[in-house]
2 protein chains.
Amino acid sequence: MFLELDGRGPLYDQLTRALKASILDGRIPAGTQLPPTRELAQELEISRTTVLAAYEQLRAEGFIDGRVGSGSFVSHLQARPLQHHVQTNIPPPSRYAQRARAVRNWDIPRLHRGLRYDLLYGYPQINPALNNAWGRELARAAAYTRLNAVEVAGLSTLRQQTCDYLARRRGVQAEPEDVVIVSGTQQAIDLTARVLINEGDHVVLEEPHYFLAHQALVAHGAELVAVRTDQHGLVCDELPTQPPRLIYVTPSHHFPSGAVLSMQRRLDLLNYAERHQCWILEDDYDGEFRYDAHPLAALRSLDERDRVIYVGTFSKVLFGGLRLAYMVLPSALRLDFLSAKYLSDMACPVIEQAALAHFMEDGGFERHLRLGRKELKARREALVAGLNEYAGDRVTITDTPAGMHLVVWLRGYDTARSEALIAYAHEHGLGLYPINPLYLHEPQRQGLLLGYCGLSVNELREAMQLFGQCLDHMDRM
Amino acid sequence: MFLELDGRGPLYDQLTRALKASILDGRIPAGTQLPPTRELAQELEISRTTVLAAYEQLRAEGFIDGRVGSGSFVSHLQARPLQHHVQTNIPPPSRYAQRARAVRNWDIPRLHRGLRYDLLYGYPQINPALNNAWGRELARAAAYTRLNAVEVAGLSTLRQQTCDYLARRRGVQAEPEDVVIVSGTQQAIDLTARVLINEGDHVVLEEPHYFLAHQALVAHGAELVAVRTDQHGLVCDELPTQPPRLIYVTPSHHFPSGAVLSMQRRLDLLNYAERHQCWILEDDYDGEFRYDAHPLAALRSLDERDRVIYVGTFSKVLFGGLRLAYMVLPSALRLDFLSAKYLSDMACPVIEQAALAHFMEDGGFERHLRLGRKELKARREALVAGLNEYAGDRVTITDTPAGMHLVVWLRGYDTARSEALIAYAHEHGLGLYPINPLYLHEPQRQGLLLGYCGLSVNELREAMQLFGQCLDHMDRM
């Protein structure tokens, strides 16, 4: 009997694999008596125990019949030729998957390695003290948490803490029963699409907007309608006459421009939603980070008709890999969201929730926020000062004193020139990110998102000096 | 000016809220000059700083215009009467949500409090040593993990460890690129439905089967076809002539009966899938727990045509609240699953993944498994011994020496009698769970799932004694 051991893993596994392959491709036909274990062991120069173990395994899996002692016979399986993962006849995937293919954009901004100054946006700053503080919270939570406790809506202690926090900081009055803990803002958007959107339903987005909301909604079959924004946020007068099912907005700090939706427009938006029976998804992704005054109350706090689905995230204020966010739901939708969460992934991990609830209860969370806010304010000021000094009137800054990035518009640039600037900067160690991918329709001007979470005050200054040099270079082109 | 402070939270918040309410419902009309801060402070007997802060907040939110010093005027907002969360005109939710409503079954088995002996299935046993061991791993991982690192497919170290584990224990050869880490088996099922199922597509399930797979698939619009199982698992001869899109199976240990799919049927199933161009979802939910021999190799290990989507879970071998599982994907589907995962919730939490990767690398994971297997084997034997002694021939045990629960069939019981038994047992502190909810069609016999993870050997013995008494009671009825 010719058996080739492939050298991968324990000998017993190799032998089992080799015997199976020979049985399956018919080299050892059905009914054949396998050699006695002692004999095969001698032939292969391995221990008899190994052969016994392999036979035992083959027997357990139905490849051989008979008992040790009375001989082992290859079972009468209907053999078929062995082929290695050659796949033919691949049927098309679902319409969901096909739409997801169409919007698949692996060019989304990612951390680059090896850039001296990376102005990537969308990732929170990491305070090195957080690693240890968070580690302590996790170890503490692991010690006392009931490990099998799975609550679909999320751990009740975390929902209670979230309500307290929302009342204190965001003006939102909610009870723990109104809250569902989800795996990041992305899941909040996805669940909303599931619960509300049928293929072909219209959804209004701000123009420009968060690209992952765009992609998730398109994958669910939504028809997107992009409505213009200006310095006061979404231009509510331009909301479509054909009412959408859903309006996705970032009123506290429009992503990416930073505009704050004015009070009049907030009321207009709520009236529109009520009049047209549509829902509003309020993504309050970084409402906490406002440097000039108290944070603005959320749109949800004005929502007496219970039309606003409110989403806030812990990942932005703690760290991106946390994957925890919360939704405050209109009562009419609560059960549907719970079902969708349950059927999607049952619930969020229990220990991280317990750790976060304690971190909030204990005050560590708000201390972390305060420190972060102070540091981000200093960074933002350094960035703006650097821009004024080195970029001058070659850019226009659009921003409110809030958030974790700002937008600069490039004067007199078209797409090609903007791409050339970004490429030149990248070559020289400066990571810049264009605003274009955040538009549904081609934008009329070129802009950059400058994220200031990843660099220190000094680095931001140096980065802006380098940015100025890049603009100088382009001026000479 | 009449202002009622509601006594909730800081004074400044109360005042802001009261002023907003008055402005919004028109009690303070647009254009009104608000009283000077000093005056209002005196009137309300609060500090002037509090009033200043409230005005500042109202200004930031657009409720008032003007500057401190020159007077504050209520903005010209289009006011509307204040109503408290009265919702009218609720449009129907999506078809997904409507289908989810139809299968919503909040009667799914849950941990009962206050039962002396609860034979709930589906939850792993908890080894108290795990809380501490896992806490140490989390604290360790938190200290060195890059907190913003978000990998859609899952942390590469965990994918590598998963591949090593699968090769060693499940006979599955996979590369880290083939693996996606997901939030539990539930998410694996959900993503599979997303990527493969359009409304109306047929999906084959074993009869009986895992109820949450059933519910998730129905919510996605699948038409379910239940195929009979016997002591060798799915009866492949009875697979439908109209080919389904997907076949969901538990070949290592049929849920819930425990039957192992025979080798001949495994080959038949793979041939059927190839012939009819359909996909197989192999849910290997507790293949690790087999007490008589080496665990069976997974169906995926025989799958040369790359038709099998393989799912294994860490939640069953560690703890239910972990929410981590892994999929091994056919190469043709890899990108579609990555897109679906990305758009669903971006990625799994990073620290838990890092902790698990280290736990596996360090050998702690397999030590935990070994201990768990030994303990579960002892419990299973105690349960079977107790059944033999106290239930005798009033029940038939269907099981292989594997898993975390076993099925007993009740001789001569109909549905009503079975319900009466369960209710009587519950009254006397014994939690029993019927097999009926796991059937698509009405089953022909009555059975119970006895989970043995939550009780010790002694408790299981006592529980069976009590079970015997419950049967005695029913015999006297």
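In the nomenclature of an unreviewed UniProt entry, chain A corresponds to GntR family transcriptional regulator from the organism Dyella nitratireducens.

(A) Molecular detail of the overall build of chain A. Scanning chain A for helices and strands turns up 14 helices and 16 strands. By the compact-globule yardstick of 23 Å for 477 residues, chain A is too spread out, its C-alpha radius of gyration being 29 Å. Expressed as a percentage of its 477 residues, the buried residues of chain A come to 62%. Residue pairs in contact within chain A that sit at least 24 positions apart in sequence constitute 71% of those at least 6 positions apart.

(B) Local environment of the relation of the copies chain B and chain A. For the pair chain B and chain A, the relating rotation is 180 degrees, the translation along its axis is 0.0 Å, and the fit reaches an RMSD of 0.2 Å. What the rotation and shift describe, once combined, is the action of a two-fold rotation axis. The C-alpha atom lying nearest the rotation axis in chain B is that of A139(B); the distance is 2.8 Å. Most of the interface of chain B is mirrored in chain A, where 99% of its interface residues are also at the interface.

(C) Representation of the packing of helix 6 (residues 156-169) of chain A against helix 11 (residues 350-361) of chain A in the model. Residue and element names in this part refer to chain A. With their axes 8 Å apart at the nearest point, helix 6 and helix 11 run at an angle of 35 degrees to one another. Where helix 6 crosses over helix 11, the two elements pack in a sense that is left-handed. On helix 11, the residues that touch T157, L158, Q161, T162 and Y165 of helix 6 are Q353, L356, A357, M360 and E361. Residues belonging to the contact of helix 6 with helix 11 are distributed by class as follows: five nonpolar, four polar and one charged.

(D) Representation of the sheet that holds strand 6 (residues 223-230) of chain A. Residues and elements named next belong to chain A. Taken together, the eight strands give an open sheet; going across it, the order is 4-11-10-9-8-5-6-7, and neighbouring strands pair in mixed fashion. Every other strand in the sheet has two partners, leaving strand 4 (179-182) and strand 7 (233-234) as the edge strands with one partner each. Where strand 9 (residues 279-283) and strand 10 (residues 308-313) come together, four bridges link them in parallel fashion. Pairing of I280 across the sheet is with V308, part of strand 10. Along the sheet, helix 6 makes contact with strand 4, strand 10 and strand 11 (325-328), crossing strand 4 at roughly 110 degrees.

(E) Quick peek at the nonpolar core. The biggest cluster of nonpolar side chains holds 110 residues, and the ones touching the most others in it are L217(A), I309(A) and I309(B). Not counting residues within four places of it along the chain, the set of residues in contact with L217(A) comprises I189(A), A193(A), V203(A), L205(A), A222(A), L224(A) and L246(A). Formed by 72 residues, the second largest nonpolar core is a distinct cluster that contains A174(B), V179(B), I181(B) and V328(B).

(F) Structural view of the sheet that holds strand 11 (residues 325-328) of chain B. All names here are of chain B. With respect to topology, eight strands assemble into an open sheet ordered 4-11-10-9-8-5-6-7, the strand pairing being mixed. Among the strands making up the open sheet, the edge pair consists of strand 4 (179-182) and strand 7 (233-234). Bridge count between strand 5 (residues 202-207) and strand 6 (residues 223-230): six bridges; the pairing is parallel. Bridge pairing in strand 6 places H202 opposite E223. Of the strands in this sheet, strand 4, strand 8 (246-249), strand 9 (279-283), strand 10 (308-313) and strand 11 are in contact with helix 7 (residues 184-196), which crosses strand 10 at around 160 degrees.

(G) Structural context of the pattern of salt bridges. Within this structure, the stated rule accounts for 48 salt bridges over all chains. Here D336(A) makes a salt bridge to R101(B), at a shortest N to O gap of 2.6 Å. Of this pair, D336(A) sits in helix 10 (residues 334-345) while R101(B) sits in helix 4 (residues 95-103), placing the two residues on different chains. Residue D336(A) is classed as buried on the basis of its relative accessible area of 4%. A salt bridge links D472(B) to R394(B); the shortest N-O distance between them is 2.7 Å. In this pair, D472(B) is assigned in helix 14 (residues 457-475) and R394(B) in the loop between helix 12 (364-391) and strand 12 (395-398), connecting sequence segments 78 residues apart. Judged by relative accessible area, which is 19%, R394(B) ranks as buried.

(H) The arrangement of the pairing of strand 5 (residues 202-207) of chain A in detail. The element strand 5 of chain A is extensively covered by neighbouring structure, given that five of its six residues are classed as buried. Traced from strand 5 of chain A through helix 8 (residues 211-219) of chain A to strand 6 of chain A, the parallel crossover comes out right-handed.

(I) Just the interface of chain B and chain A, in detail. With 122 residues of chain B at the contact, the number on the chain A side is 121 residues. Both sides of the chain B and chain A interface together cover about 10,900 Å² of buried area, and 51% of this is carbon and sulfur. Our enumeration of links across chain B and chain A arrives at four salt bridges. Class assignment for the residues of the side of chain B that touches chain A results in 62 nonpolar, 32 polar and 28 charged.

(J) Main features of the pairing of strand 6 of chain B. Residue and element names in this part refer to chain B. Here two bridges tie strand 6 to strand 7, and the two strands are oriented antiparallel to one another. Paired with D230 across the strands is G233, a residue of strand 7. Where strand 6 folds back onto strand 7 in an antiparallel hairpin, the turn is made up of two residues.

(K) Fine view of the side chain of E352(B). Residue placement: E352(B) occurs in helix 11 (residues 350-361). Those residues within four positions of E352(B) in sequence are excluded, and the remaining contacts are P349(A), I351(A), E352(A), W134(B), L138(B), L322(B) and L324(B).

(L) A look at the packing of helix 11 of chain B against helix 12 of chain B. All names here are of chain B. Between helix 11 and helix 12, the shortest axis-to-axis distance is 4 Å and the interhelical angle comes to 75 degrees. In terms of orientation, helix 11 and helix 12 fall into the roughly perpendicular class. Here helix 11 contributes L356, F359 and M360 to the contact with helix 12, which in turn contributes G364, F365 and H368. Of the residues assigned to the contact of helix 11 with helix 12, the class counts are four nonpolar, two polar and no charged.

(M) Inspection of helix 13 (residues 415-427) of chain B at higher detail. Residues and elements named next belong to chain B. Helix length check: helix 13, at 13 residues, gives a terminal C-alpha distance of 18 Å against a target of 18 Å (1.5 Å per residue), a fit within 8%. Taken as a whole, helix 13 has its buried residues at S418, L421, I422 and A425. Down the axis of helix 13, the smallest arc covering the buried residues is 95 degrees, so these residues share one side. Of the exposed residues in helix 13, those oriented more than 90 degrees away from the buried face are A416, E419 and E427. Of the residues flanking the end of helix 13, it is G429, one or two places downstream, whose phi is positive at about 90 degrees.

(N) Up close: the environment of R48(A). Residue and element names in this part refer to chain A. By the secondary structure assignment, R48 is in helix 3 (residues 48-60). Linking R48 and T37, residues eleven residues apart in sequence, is a C-alpha distance of 6.1 Å. Residue contacts for R48: discarding those within four places in its chain leaves T37, R38 and A41. There is a polar contact of 2.9 Å between the side chain of R48 and the side chain of T37.

(O) Spatial organisation of the domain arrangement of chain A. Looking at chain A, the domain boundaries give domain 1 (11-74), domain 2 (113-122 + 367-476) and domain 3 (128-365). Domain 1 of chain A and domain 3 of chain A are separated by 58 Å when their C-alpha centres are compared.

The rules behind each value
- Every chain is numbered on its own, with residues counted from 1 as its sequence reads.
- Chain letters start at A and ligand numbers start at 1, both assigned in the order the entries are written.
- Under the rules for a predicted model, residues below a pLDDT of 70 receive no local features and side-chain atom pairs below 80 are neither given nor counted, while totals for whole chains, interfaces and linings still include all residues.
- For side-chain calculations, the full set of non-hydrogen atoms in the structure is used, while hydrogens and water are omitted.
- Each helix is a run of DSSP H or I of at least 4 residues and each strand a run of E of at least 2, with the numbering of both proceeding from the N terminus.
- Our radius of gyration is a C-alpha quantity, and the globule rule it is checked against amounts to 2.2 Å times the number of residues to the power 0.38.
- The cut-offs for exposure are 20% and 50% of the maximum accessible area for each residue type, with area from a 1.4 Å probe on protein chains only; residues under the lower value are buried, those over the upper are exposed, and the others partly exposed.
- Two residues form a contact once any of their heavy atoms are found within 4.5 Å.
- Superposing copies: least-squares fit, C-alpha atoms only, residues required to have pLDDT of at least 70 in both.
- Every axis in this analysis is a line fitted to C-alpha atoms, fitted for helices over the stretch in contact. Angles between the N-to-C directions lie between 0 and 180 degrees.
- Left-handed describes a crossing whose near helix is turned anticlockwise from the far helix by less than a right angle; the clockwise case is right-handed.
- Polarity classes work like this: nonpolar for Ala, Val, Leu, Ile, Met, Phe, Trp, Tyr, Cys and Pro, charged for Asp, Glu, Lys and Arg, and polar for all others, with Gly in that last group.
- One bridge is not enough; two strands pair if DSSP finds at least two bridges between them.
- Definition used in this section: a nonpolar core is a set of buried Ala, Val, Leu, Ile, Met, Phe, Trp, Tyr and Cys residues joined via side-chain atoms within 4.5 Å.
- We define a salt bridge as a side-chain nitrogen of Lys or Arg found within 4 Å of a carboxyl oxygen belonging to Asp or Glu.
- If you view a crossover with the strands going away from you and the path from the first strand over the helix to the second runs clockwise, you call it right-handed.
- As used here, buried area is the combined drop in accessible area, with a 1.4 Å probe, of two parts when they are placed together.
- Any angle from 65 to 115 degrees is called roughly perpendicular, while one under 35 is roughly parallel, one over 145 is roughly antiparallel, and all others are oblique.
- In a helix, the anticipated span is given by 1.5 Å times the number of residues less one.
- Along the arc lie the directions from the helix axis toward the C-beta atoms.
- Any pair of nitrogen or oxygen atoms within 3.5 Å is treated as a polar contact; in protein, a donor-acceptor pairing is required on top of that, and neighbouring residues in sequence qualify only through side-chain atoms on both sides.
- As used throughout, domain bounds are those supplied by an automatic or database domain assignment.

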